[in-house]
Amino acid sequence: DTLVLGQDATTVVRIILGGAQSPVTPHEHTTYSMPAFAALSNREIADVATYLRNSWGNHAPPVSAGDVGKLRRALAREPQVATLAQ
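Residues numbered from 1 in each chain as written. Predicted model: local features only at pLDDT ≥ 70, side-chain atom pairs only at ≥ 80, totals over all residues. Heavy atoms only, no water.

Caption draft 1: Region of the structure containing the overall build of the protein. Each helix and strand counted, the protein has 4 helices and 2 strands in total. Ordering the α and β elements of the protein from the N terminus gives α-α-β-β-α-α. For the protein, buried positions account for 26% of its 86 residues. For the protein, the share of sequence-separated contacts (at least 6 apart) that also reach a separation of at least 24 residues comes to 48%. About 5600 Å² of surface is accessible on the protein, with carbon and sulfur atoms providing 59% of the total. (Helix = DSSP H or I, 4+ residues; strand = E, 2+ residues; numbered from the N terminus. Buried < 20%, exposed > 50% of the residue type's maximum accessible area, 1.4 Å probe, protein only. Contact = heavy atoms within 4.5 Å. Areas by Shrake-Rupley, 256 points an atom, 1.4 Å probe, with all protein chains shown as cover.)

Right, here's the structure in full:
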(Lines give C-alpha, C1' and ligand atoms only; values in the text may rest on other atoms or scores of the structure.)
Protein backbone atom coordinates (compact mmCIF):
# COMPACT_ATOMS: atom_id res chain seq x y z
CA ASP A 1 0.00 0.00 0.00
CA THR A 2 2.56 2.59 1.07
CA LEU A 3 4.77 1.99 -1.96
CA VAL A 4 1.86 2.50 -4.33
CA LEU A 5 -0.04 5.24 -2.49
CA GLY A 6 2.77 7.19 -0.86
CA GLN A 7 3.77 10.75 -1.67
CA ASP A 8 6.84 9.43 -3.53
CA ALA A 9 5.80 7.38 -6.59
CA THR A 10 9.35 6.22 -7.39
CA THR A 11 8.68 2.51 -6.83
CA VAL A 12 5.60 2.43 -9.04
CA VAL A 13 7.34 4.29 -11.87
CA ARG A 14 10.53 2.20 -11.57
CA ILE A 15 8.51 -1.03 -11.90
CA ILE A 16 6.61 0.29 -14.91
CA LEU A 17 9.87 1.41 -16.54
CA GLY A 18 12.01 -1.60 -15.68
CA GLY A 19 9.61 -4.44 -14.98
CA ALA A 20 9.87 -6.76 -12.01
CA GLN A 21 10.22 -10.41 -11.09
CA SER A 22 9.44 -12.13 -7.83
CA PRO A 23 12.27 -14.14 -6.31
CA VAL A 24 12.47 -17.91 -6.03
CA THR A 25 12.26 -18.94 -2.38
CA PRO A 26 12.62 -22.30 -0.62
CA HIS A 27 8.83 -22.57 -0.42
CA GLU A 28 7.89 -20.95 -3.73
CA HIS A 29 9.61 -22.12 -6.89
CA THR A 30 7.29 -20.34 -9.31
CA THR A 31 8.18 -16.76 -10.08
CA TYR A 32 5.89 -14.06 -11.39
CA SER A 33 7.06 -11.26 -13.59
CA MET A 34 5.96 -8.06 -15.24
CA PRO A 35 7.75 -6.89 -18.37
CA ALA A 36 9.35 -3.47 -18.65
CA PHE A 37 7.31 -0.79 -20.38
CA ALA A 38 10.18 1.66 -20.98
CA ALA A 39 9.07 2.01 -24.62
CA LEU A 40 6.02 3.98 -23.44
CA SER A 41 6.27 7.75 -23.44
CA ASN A 42 6.76 9.67 -20.20
CA ARG A 43 3.12 10.85 -20.45
CA GLU A 44 1.83 7.28 -20.91
CA ILE A 45 3.83 6.00 -17.93
CA ALA A 46 2.65 8.94 -15.80
CA ASP A 47 -0.95 8.18 -16.78
CA VAL A 48 -0.61 4.48 -15.91
CA ALA A 49 1.06 5.25 -12.57
CA THR A 50 -1.57 7.85 -11.68
CA TYR A 51 -4.34 5.40 -12.61
CA LEU A 52 -2.85 2.65 -10.44
CA ARG A 53 -2.41 5.06 -7.53
CA ASN A 54 -6.00 6.33 -7.75
CA SER A 55 -8.08 3.27 -8.63
CA TRP A 56 -10.08 0.97 -6.39
CA GLY A 57 -10.91 3.76 -3.95
CA ASN A 58 -7.28 4.87 -3.52
CA HIS A 59 -6.25 8.51 -3.38
CA ALA A 60 -2.64 9.44 -4.13
CA PRO A 61 -0.94 12.41 -5.73
CA PRO A 62 -0.72 12.28 -9.54
CA VAL A 63 2.52 11.48 -11.33
CA SER A 64 3.65 13.97 -13.98
CA ALA A 65 5.36 13.24 -17.28
CA GLY A 66 8.18 15.49 -16.06
CA ASP A 67 8.65 13.29 -12.99
CA VAL A 68 8.86 10.20 -15.18
CA GLY A 69 11.40 11.85 -17.48
CA LYS A 70 13.48 12.93 -14.51
CA LEU A 71 13.50 9.39 -13.10
CA ARG A 72 14.21 7.87 -16.51
CA ARG A 73 17.28 10.10 -16.88
CA ALA A 74 18.43 9.38 -13.31
CA LEU A 75 18.07 5.63 -13.88
CA ALA A 76 20.22 5.89 -17.00
CA ARG A 77 22.97 7.54 -14.91
CA GLU A 78 22.66 5.72 -11.56
CA PRO A 79 20.04 2.94 -11.59
CA GLN A 80 20.52 1.89 -7.95
CA VAL A 81 19.93 5.29 -6.32
CA ALA A 82 17.49 7.10 -8.62
CA THR A 83 14.27 8.42 -7.07
CA LEU A 84 11.62 10.98 -7.96
CA ALA A 85 12.49 12.84 -4.76
CA GLN A 86 15.95 13.86 -6.06
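After presenting the structure, the write-up continues.
Caption draft 2: Representation of the nonpolar core. Grouped together as the largest cluster of nonpolar side chains are 13 residues, with contacts concentrated most on Val-13, Leu-17, Ile-45, Ala-49, Val-63, Val-68 and Leu-71. Residue assignment for this core shows that the elements contributing at least two residues are helix H2 (10-18), helix H3 (42-54) and helix H4 (65-77). At 4 residues, the largest contribution of residues to this core is made by H2. Contacts of Val-63, omitting those with residues within four sequence positions, involve Ala-9, Val-13, Ala-46, Ala-49, Thr-50, Arg-53 and Val-68. (Core = buried A, V, L, I, M, F, W, Y, C linked by side-chain atoms within 4.5 Å.)

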